[in-house]
Amino acid sequence: MNWRISFCFIAGFVAFLLLPHGTADGQEETDVRLQKILADWKKRRSYPPVQYEVQGKSVSLKENVVEYNTSKKRAPPFEPKDTNLEWNVRLLLDVKTQRHKFEEERDIFNVSKGKATREITVTAFDGAMMTSKARKNVDGKETKLYQDSPDVAITTGNLAGFLFSGQLAPLFASHGAVAFPPQEFLIPGKLDSDPDTSLMTVHGKDVFEGHVCIVIRSYPGGDKNFQEFWIDASRESALLRWISYGGGFPGLEFQARYQKQGPFWLVNSWTYEIRSSSVYRFNVVKTTVLTEVAESEFRLPIEPGMLVTRGHNPPDKNPLKKDGAGKREHYRVDASGQEAPVYFEKGVEYPRSNLAFWLVGGALVAALSLIAFAGRRWRKGRASAKLNRALSK
């Protein structure tokens, strides 16, 4: 055999032996860097409850208002200008027990009317049941969104309708809850889960604001869509930067900064950018690490006089899609704390018949009627027997 061929053969065989191979069951071994990241994120999910108070700001740009109205082939019915918006959040988060209480006041800008409305949302999840309410702030006073808006809404089952806004993702990443493709959103009750490492790839290292980061990517989907995660392994795999690409170009991005609170690395500020649209800037003004939290903190109170709705979403259906949400029923809480069923027609509230009441009542009437009928038959038979005895004498 030619010595050159022999050398190539031996070198190739040695290189083959040095290459990483699959495990005995045919699965490829997970990169040790990914193993550490997942272990760190799992550790973060075991953090004690933390309460955050956050102040957020953004600007609705004049250019976006003009562009939107131009796309509708109309001139805006107001003088377009840049508008400052606020988005303030108070979050009590306990990922370990899958519980939270979330309160936000957010300015929503209407690009058709040129006005901002401050909306208030409160949700509380105790690990099984979601209680929530929505309001708008008009001249400093809370008012209902609609006539039949409940004082408290109670929801069980699929809670996809309560997904957390992507702009607030760094708060949850601080606790190891990260939406990694194919998971798109952060949903209450589903925060304590590991991403699928088979869908991750280590893209190398880079530096963000002086911190060396491991850069991992999701596998590309259609039209070159993928996501990039910049992770600081030296600070319990803190997620410092996230970028979402579409068509190979960045479309969404957040950049987060962390501060140590006791032994925990927690987020203390971040920016979230929707390219060519808007930039949100958030600052955590207060962080409180808690040891114990009363169970009542994770449920909104229900008091006499309140309008309550109850609904259950089938677990196997998406409540955000048509026919995916379960039926909702209205109740008015009376002075004793009992819930009386009601319904609305053209904005007017009416008492709703209680099916159970009528079923029980109907059964009772039927039973009494049967007893009365049997009694009459018995008395009639007895009288007939007496008459027969009298005639036979």
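None of these values were measured; they are calculated from a predicted model.

1. A short note on the environment of P49
Stage number 1. Mapping P49 onto the fold places it in the loop between α2 (32–44) and β1 (50–60).
Stage number 2. The class for P49 is buried, based on a relative accessible area of 9%.
Stage number 3. Separated by 241 residues in the primary sequence, P49 and L290 place their C-alpha atoms 5.4 Å from one another.
Stage number 4. Discounting residues that sit within four places of it in the chain, P49 has contacts with L92, L93, D94, T288, V289, L290 and V293.

2. Points about the environment of L199
Stage number 1. Along the chain, the position of L199 falls in the loop between α4 (169–173) and β8 (200–208).
Stage number 2. In this structure L199 touches F180, P181, P182, R217, S218 and Y219, once residues within four positions along its chain are discounted.

3. A short note on a nonpolar patch on the surface
Stage number 1. A cluster of nonpolar residues, Y343, V348 and Y350, forms a patch on the protein surface that exposes about 250 Å² of accessible area.
Stage number 2. Here V348 shows up in strand β18 (residues 348–351).
Stage number 3. On the basis of relative accessible area, V348 is assigned to the partly exposed category, the value being 38%.

4. What to know about the nonpolar core
Stage number 1. By size, the foremost hydrophobic cluster in this structure holds 53 residues, and its most contacted members are F172, I216 and W270.
Stage number 2. For this core, the element with the most residues is strand β11 (residues 238–246), which contributes 6 residues.
Stage number 3. V122, V152, V308 and V333 belong to the second-largest nonpolar core, a separate cluster that totals 9 residues.

About the thresholds
Residues numbered from 1 in each chain as written. Predicted model: local features only at pLDDT ≥ 70, side-chain atom pairs only at ≥ 80, totals over all residues. Heavy atoms only, no water. Helix = DSSP H or I, 4+ residues; strand = E, 2+ residues; numbered from the N terminus. Buried < 20%, exposed > 50% of the residue type's maximum accessible area, 1.4 Å probe, protein only. Contact = heavy atoms within 4.5 Å. Patch = residues over 30% accessible without salt bridge, like charges linked within 9 Å, V, L, I, M, F, W, Y side chains within 5 Å. Areas by Shrake-Rupley, 256 points an atom, 1.4 Å probe, with all protein chains shown as cover. Salt bridge = Lys/Arg side-chain N within 4 Å of Asp/Glu carboxyl O. Core = buried A, V, L, I, M, F, W, Y, C linked by side-chain atoms within 4.5 Å.

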